[in-house]
Amino acid sequence: MNQFSHINASGEANMVDVSAKLDTVREARAEAYVRMTPETLKLIVSGQHHKGDVFATARIAGIQAAKKTWDLIPLCHPLLLSKVEVNLEALEHESRVRIESVCKLAGKTGVEMEALTAASVAALTIYDMCKAVQKDMVIEQVRLLEKVGGKSGHFKAEQ
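Below or above, wherever it landed, is the structure these notes cover. Everything numeric in this text was worked out from a predicted model, so none of it was measured. (Residues numbered from 1 in each chain as written. Predicted model: local features only at pLDDT ≥ 70, side-chain atom pairs only at ≥ 80, totals over all residues. Heavy atoms only, no water.)

### Structural notes on empty space enclosed by the protein
All chains considered together, the criterion is met by one cavity of 30 Å³ or more. Taken together, Ala66, Lys67, Thr69, Trp70, His77, Leu79, Leu81 and Glu114 form the lining of the largest cavity. Listing elements by their share of the lining of the largest cavity, those giving two or more residues are helix H2 (54-67) and helix H3 (69-72). Split into classes, the residues belonging to the lining of the largest cavity amount to four nonpolar, two polar and two charged. (1 Å grid on protein atoms, 1.4 Å probe; cavity = no way out; pocket = protein on both sides within 12 Å on 5 of 7 lines; lining within 4 Å. Points joined across faces, edges and corners; volume = space filled by probe spheres on them. Helix = DSSP H or I, 4+ residues; strand = E, 2+ residues; numbered from the N terminus. Nonpolar A, V, L, I, M, F, W, Y, C, P; charged D, E, K, R; others polar.)

Below is the structure:
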């Protein structure tokens, strides 16, 4: 069995030392969905939501969250991200919003947590902005889609 790198010899949590690793280009993509009623989605898509542009606010929140992942999740390294992209798509036939995030850098450790955090916080922001209209929205299927780079190489989730 592999030894977990975030646990020291005494079984205590510790931050992994990545100082000896070489910088490599690393990229990760994640997604999340927010399910809602057709009426709520229509307010967002039509721009008639009383709080303004829901997608623009969620996009900015996702980008900010990716940059602060190290501050939110214990043992994550602070990263100098070179790219954070958050895209939102209204899937009207499914009555939900799809969020996809992309994070990239040249560094010593991966960006999976940053991509997942960006997608998650964008979804939470949609919920926060729309909760006055609908409280029973559901955030679903937050997952890593793909990661490239680093020791573990390339991972791509099954569709």
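### Some points on the sheet that holds strand S3 (residues 96-107)
If you trace the five strands from one edge of the open sheet to the other, you get S2-S3-S1-S4-S5, paired in antiparallel fashion. The open sheet is flanked by strand S2 (83-91) and strand S5 (155-156), the only strands paired with a single partner. Across the sheet, H2 touches S2 and S3, and the angle it forms with S2 is around 145°. (Pairing = 2+ DSSP bridges. Contact = heavy atoms within 4.5 Å. Axes fitted to C-alpha atoms, helices over the stretch in contact; angles between N-to-C directions.)

### Digging into the environment of leucine 91
Examined against the element boundaries, leucine 91 turns out to sit in strand S2. Not counting residues up to four positions away in its chain, the partners in contact with leucine 91 are Tyr33, Leu41, Arg96 and Arg98.

### Points about helix H1 (residues 38-46)
If you check which residues of H1 are buried, you get Thr40, Leu41 and Ile44. Seen along its axis, H1 keeps its buried residues to an arc of 95°; they face one direction. Seen from the buried face of H1, the exposed residues on the opposite side, beyond 90 degrees, are Pro38, Glu39 and Lys42. Looking at the packing, one finds that the buried side of H1 touches H2, S2, S3 and helix H4 (112-130). Following H1 by one or two positions, glycine 47 has its phi on the positive side, about 75°. (Buried < 20%, exposed > 50% of the residue type's maximum accessible area, 1.4 Å probe, protein only. Arc of directions from axis to C-beta.)

### Description of H2
Along its 14 residues, H2 runs 20 Å from first to last C-alpha, staying within 8% of the 20 Å computed at 1.5 Å per residue. Among the residues of H2, those classed as buried are Val54, Phe55, Ala58, Ala61, Gly62, Ala65 and Ala66. Within H2, the buried residues cover an arc of 135° as seen down the axis, which keeps them to one side. Among the exposed residues of H2, those oriented more than 90 degrees off its buried face are Ile60 and Lys67. Where the residues of H2 are buried, they touch H1, H3, S2, S3 and H4. One side-chain oxygen at the N-terminal end of H2 lies 3.2 Å from the backbone nitrogen of phenylalanine 55; it belongs to aspartate 53. (Expected span 1.5 Å × (residues − 1). Polar contact = N/O pair within 3.5 Å; in protein donor to acceptor, adjacent residues only side chain to side chain.)

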